[in-house]
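A structural walkthrough
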Amino acid sequence: LLLRGATLKNTKFVYGVPVYTGKDSKMALNQAQAQYKLPSIEWKMNMYILFFCFCVVALATVLTIIEFFWEVECDKDALYRTNVTFSHNVFGFLNNFFSFIVLFNYVIPISLYVTVEAVKFISSYFIKWDLEMYHAESDTPAKANTSDLNEELGQIEYVFSDKTGTLTENELVFRKCSVEGVKYASSTDGTLVLEADQTPADLNDRVLKDFMIAMSLCHSVFTTEYQGVLNYEASSPDEKALVEAAAMCGVKFMFSSRNSRKIKLDGHLDRYEFLHILPFDNTRKRMSIILRDPSGKVLLLCKGAESSVLEICETGCIDVTRQHVDDYAAEGLRTLVFAMREISEEDYAKVDELMLDCLNAINDREAKEQLAFKSIEDKLCCIGATGVEDRLQDGVLETISALKEGGVKLWVLTGDAGATPPIP
């Protein structure tokens, strides 16, 4: 199943048939008809026109009634009424009524619409002439494609925005990590140093190396090679940033297949047998992967939000890691917590049976998967946390300040930790 936005890789073409299309699809049924927003000036103009129309109709009605009684009561022998007959029926009444309507139609200011449209058309050019809205880098002035733009912008009271990729560049960079209660940071040249004294980290330390191995293996990244250069491709920029950071620290992810994953460690290639993956979902807010290392041990590696991973950890520096995660979030970094557990062969047999049952389930598969994942992701050891930076795009702060000055309220949808400071 290829979803919209999928990229074709490793083949020149594919044969396919479109599915989930048409007016009965879920996407089409969820699309509500856009509500038409009437500008306040146009609403007032309509009210004025209706008021004048009512006045003309009322005036024509009153004068028609007066004329009717005058025709009945007036002197019929008057000279100016010679050979004139009057129709005192419905047709005559309507004829007189519409005659008065025609006489008084100048009261209705139809030309007001033309005048207002001309004013709006001229005002749209002031947007194009505004130097503060000119983008010098691309030599692009502002362009009003409709004369109603001023009015439409004036109706905006709330702006709802996503954060990642909209306000930010969506190009994540690894900045800091916490391993067994020790804080590390990425220096300007990409090397890992101790945050306390900025001295180079000991990459041969077993605890730090195990953490980098977890970063290099627990993900959904795949590799592509072009002209001898290894590139990483990932649906999540977080995972790509972490894999690249692990490679900078000497643990390089090399290859992934359905049955194995390979990393380059200390100059030699290590093969990890791929057993099962517990994919990320919004309920658990974490993902896990089960591997068999070169020595034959079965390992469960888990990463996710601190609120979901730390609650299933029983050992490790849980409290210290939680504090470090809060520190990273206060600096505006996006955080992930890593945990692991060694699984005995007896326990793995049960895990394998649970995963097989979920795979073969026809009814209530999601519910069975949640129960199985909950029993598997248990009694973990917290090994550390990471902090990656997603920088704001140029001009975001100035734009938000201008919106505030204009009385527009901004709401931002984000999955950041609660301690992450809001955008000023």
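Conventions adopted
- Residues numbered from 1 in each chain as written.
- Predicted model: local features only at pLDDT ≥ 70, side-chain atom pairs only at ≥ 80, totals over all residues.
- Heavy atoms only, no water.
- Helix = DSSP H or I, 4+ residues; strand = E, 2+ residues; numbered from the N terminus.
- Rg over C-alpha atoms; globule rule 2.2 N^0.38 Å.
- Contact = heavy atoms within 4.5 Å.
- Areas by Shrake-Rupley, 256 points an atom, 1.4 Å probe, with all protein chains shown as cover.
- Lys, Arg positive; Asp, Glu negative; His and termini not counted.
- Charge placed at Lys NZ, Arg CZ, Asp CG, Glu CD.
- Buried < 20%, exposed > 50% of the residue type's maximum accessible area, 1.4 Å probe, protein only.
- Salt bridge = Lys/Arg side-chain N within 4 Å of Asp/Glu carboxyl O.
- Polar contact = N/O pair within 3.5 Å; in protein donor to acceptor, adjacent residues only side chain to side chain.
- Phe/Tyr/Trp six-rings, centres within 6.5 Å; stacked < 30°, edge-to-face > 60°.
- Axes fitted to C-alpha atoms, helices over the stretch in contact; angles between N-to-C directions.
- Parallel < 35°, antiparallel > 145°, perpendicular 65-115°, else oblique.
- Left-handed = near helix turned anticlockwise from the far one by under 90°.
- Nonpolar A, V, L, I, M, F, W, Y, C, P; charged D, E, K, R; others polar.
- Pairing = 2+ DSSP bridges.
- Core = buried A, V, L, I, M, F, W, Y, C linked by side-chain atoms within 4.5 Å.

What follows deals with the overall build of the protein chain. Within the protein chain, the secondary structure is distributed over 12 helices and 15 strands. In terms of overall size, the protein chain is more extended than a compact globule, its C-alpha atoms giving a radius of gyration of 36 Å where 424 residues would be expected to give roughly 22 Å. A principal-axis box enclosing the C-alpha atoms of the protein chain has dimensions of 125 × 55 × 50 Å. Restricting to contacts in the protein chain with at least 6 residues of sequence separation, those with at least 24 account for 61%. In the form shown here, the protein chain has an accessible surface area of approximately 27900 Å², with 57% of it arising from carbon and sulfur atoms. Put simply, the protein chain has 42 plus and 61 minus side-chain charges, and the middle of one group is 5 Å from the middle of the other.

Once that is clear, we can look at the side chain of Asp-293. For Asp-293, the location among the structural elements is in the loop between strand S10 (286-292) and strand S11 (298-304). For the buried residue Asp-293, which engages in no salt bridge, the nearest side chain bearing the opposite charge is Lys-297, 5.6 Å off. Separated by 2.8 Å, the side chains of Asp-293 and Ser-295 make a polar contact. Every residue in contact with Asp-293, bar those within four places of it in the chain, is listed here: Arg-271, Tyr-272 and Leu-299.

A few words on the packing of aromatic side chains. In total, this model carries 9 aromatic pairs according to the counting rule given. Both rings, one in Phe-126 and one in Trp-129, keep their centres 5.5 Å apart while their planes meet at 70 degrees; by these two values the pair is edge-to-face. Of this pair, Phe-126 and Trp-129 both sit in helix H4 (residues 111-129), 3 residues apart, which is roughly one turn of that helix. Relative accessible area serves as the criterion here: at 53%, Phe-126 is assigned to the exposed category.

So, on to unusual backbone geometry. Although it is not a glycine, Glu-180 sits at a positive phi angle of roughly 50 degrees. If you check the backbone angles, Lys-285 has positive phi at about 60 degrees while not being a glycine. Summarising the element assignment, Lys-285 is placed in the loop between strand S9 (268-278) and S10.

Time to look at the packing of helix H6 (residues 206-217) against helix H7 (residues 237-248). A pair of packed helices can be characterised by two numbers: the angle between their axes and the separation between those axes. One can describe the packing of H6 onto H7 by two numbers: an axis separation of 8 Å at closest approach and a directional angle of 140 degrees. Between H6 and H7, the interaxial angle falls into the category oblique. Relative to H7, H6 is oriented so that their crossing is left-handed. For the pair formed by H6 and H7, the contact residues are Met-212, Met-215 and Ser-216 on the first element and Leu-242, Val-243, Ala-245 and Ala-246 on the second. Of the residues contributing to the contact of H6 with H7, the split by class is 6 nonpolar, 1 polar and no charged.

Relative to strand S3 (residues 182-186), strand S2 (residues 173-179) is paired through 4 bridges, and the arrangement is antiparallel. For Ser-178, the partnering residue across the bridge sits in S3 and is Lys-183. Between S2 and S3, which follow one another and run antiparallel, lie 2 residues, and Glu-180 among them has a positive phi close to 50 degrees. Note: S3 against strand S4 (residues 192-194), 3 bridges, orientation antiparallel. For Ser-186, the partnering residue across the bridge sits in S4 and is Leu-192. Where S3 folds back onto S4 in an antiparallel hairpin, the turn is made up of 5 residues, including Gly-190, whose phi is positive at roughly 90 degrees.

This brings us to the pattern of salt bridges. Under the definition given, this model contains 16 salt bridges. The residue Arg-292 makes a salt bridge to Glu-345 at a minimum N-O spacing of 2.7 Å. Taken together, the residues span a long stretch of sequence, with Arg-292 in strand S10 and Glu-345 in helix H10 (residues 345-360) at a distance of 53 residues. Look at the salt bridges and you will find they share partners, linking Asp-281, Arg-284, Arg-286 and Glu-377 into a network.

Below, the discussion takes up the nonpolar core. Counting 37 residues, the largest nonpolar core has Phe-174, Leu-192, Phe-211, Met-212, Met-215 and Phe-338 as its most contacted members. The greatest single-element share of this core, amounting to 7 residues, is contributed by H6. Judged by nonpolar contacts, the second largest core, of 23 residues, contains Val-298, Ile-312, Ile-318 and Ile-343.

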